[in-house]
Amino acid sequence: MSGESMHAAEHPFRIPQSAVHIQVPATSANLGPGFDCLGLALALYNEIEMCEIDHGLEFDIQGEGAAELPQDKTNYSVSAAQCIFDRVGYVPRGLFIRSVNSIPMSSGLGSSSAAIVGGLVAANLLTGSQLSRDRVIALAVEIEGHPDNVVPAILGGLVIAAVEPDGPIINQIDLPPLSVIAVTPDLRVSTEEARRILPVMVPRADAIFNLSRTALVIQALTRGDFDLLSRVMNDRLHQPYRKHLITGYDDVIEAARSAGAAAVVISGSGPTLVAFAPDHHSEIAQAMRQAFKQNGVGSRVWILNVDRAGARLVDDP
Ligand code: HSE
């Protein structure tokens, strides 16, 4: 396994003067057995522009969530930015935020994490990158509560994360070229509800089941070994409890596998399902979409490469 320890890495961000424009990738957390500790960044992005203005809070929200995202200080990007301002002791006169969102909300693809990460990274850049990348990561984990969406959104790629009282321990893993099929049904699943239904205690056999398979999933992904992936990408800690929130779940999994998918997982807390396959991505996407349709559920599909760079500045023309 090759990887880069976060403790050795310095933040790569440049320091702009008065306005920043960044993009933040979608993420798929858990990856089957890796509940709350594995996450993969995907090439679907929310963009955020932030600049200081004379007074007040102004927004221009476009794309996903434009009609429903709050346009006040409860907006995740604003509250995350405020955490940075508080830590560096900066009081902006006012703030303008434009976001152009491609990550569907409440979908299990990390839209909330992208908003938090966007606010943190943008505010850190605006204030001269005073916080290291490690501190931005620790803040993101503190705000979101779990590491497996926010850390890959910052770093890109496949990330393993463990939460410790003094900050997360992170490893970013090199992957061979990989694209996945993400199918987002027209269903809303709240992360709070999807966590509330999980048992507090689990049988030891289930814990062992997931431990062994998490290690093997990482090995399968780093080797590009879809045969191994198909045998080990199983979970007993969250998916069995959450699948009933996704209408048509069993049919869609079956359709994906019949069309050539090696493995299908609930992305984050759902309802998006992500399929892994060496080829036939379009056929698998259509089969999954059709299976949702036969269950009376519309869906959107994406075939997404892994994002390898994480949150980064957009070069404006
Ligand atoms: N690991 C988290 C969960 C991701 O499955 O609840 C969503 O925050």
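Structure shown above.
In this text, all values refer to a predicted model and were calculated from it rather than measured experimentally.

Draft legend 1. Structural detail: the sheet that holds strand β8 (residues 179-185). Strand order across the open sheet formed by 4 strands is β9-β10-β8-β11, with antiparallel pairing between neighbours. The strands lining the two open edges of the sheet, one partner per strand, are β9 (263-266) and β11 (299-305). This sheet shows a mean twist of 20° between the axes of neighbouring strands, independent of strand direction. Relative to strand β10 (residues 273-276), β9 runs antiparallel, the two being bridged by 4 bridges. Bridging across to β10, Val264 finds its partner in Ala275.

Draft legend 2. Fine view of the environment of Ser79. By the element assignment, Ser79 lies in helix α1 (residues 76-88). Under the relative-accessibility criterion, Ser79 is labelled partly exposed at 29%. With 37 residues separating them along the chain, Ser79 and Ile116 place their C-alpha atoms 7.9 Å apart. Not counting the four nearest positions on each side in its chain, Ser79 is found in contact with Lys73 and Thr74. For Ser79, the side chain forms a polar contact with the main-chain oxygen of Tyr76, separated by 3.3 Å.

Draft legend 3. View of the site of the ligand. Around the ligand sit Ala29, Asn30, Phe35, Asp36, Glu144, His146, Asp148, Asn149, Thr191, Arg195, Arg242 and Gly268, and those are all the residues in its vicinity. The side chain of Asp36 places a nitrogen or oxygen atom 2.5 Å from a nitrogen atom of the ligand. One of the side-chain N or O atoms of Asp148 is found 2.6 Å from a nitrogen atom in the ligand. For the ligand, whose free accessible area comes to 260 Å², the fraction covered by protein is 98%. Of the residues belonging to the shell around the ligand, the class tally is 2 nonpolar, 5 polar and 5 charged.

The rules we used
- Residues numbered from 1 in each chain as written.
- Predicted model: local features only at pLDDT ≥ 70, side-chain atom pairs only at ≥ 80, totals over all residues.
- Heavy atoms only, no water.
- Pairing = 2+ DSSP bridges.
- Helix = DSSP H or I, 4+ residues; strand = E, 2+ residues; numbered from the N terminus.
- Axes fitted to C-alpha atoms, helices over the stretch in contact; angles between N-to-C directions.
- Buried < 20%, exposed > 50% of the residue type's maximum accessible area, 1.4 Å probe, protein only.
- Contact = heavy atoms within 4.5 Å.
- Polar contact = N/O pair within 3.5 Å; in protein donor to acceptor, adjacent residues only side chain to side chain.
- Near = heavy atom within 4 Å.
- Areas by Shrake-Rupley, 256 points an atom, 1.4 Å probe, with all protein chains shown as cover.
- Nonpolar A, V, L, I, M, F, W, Y, C, P; charged D, E, K, R; others polar.

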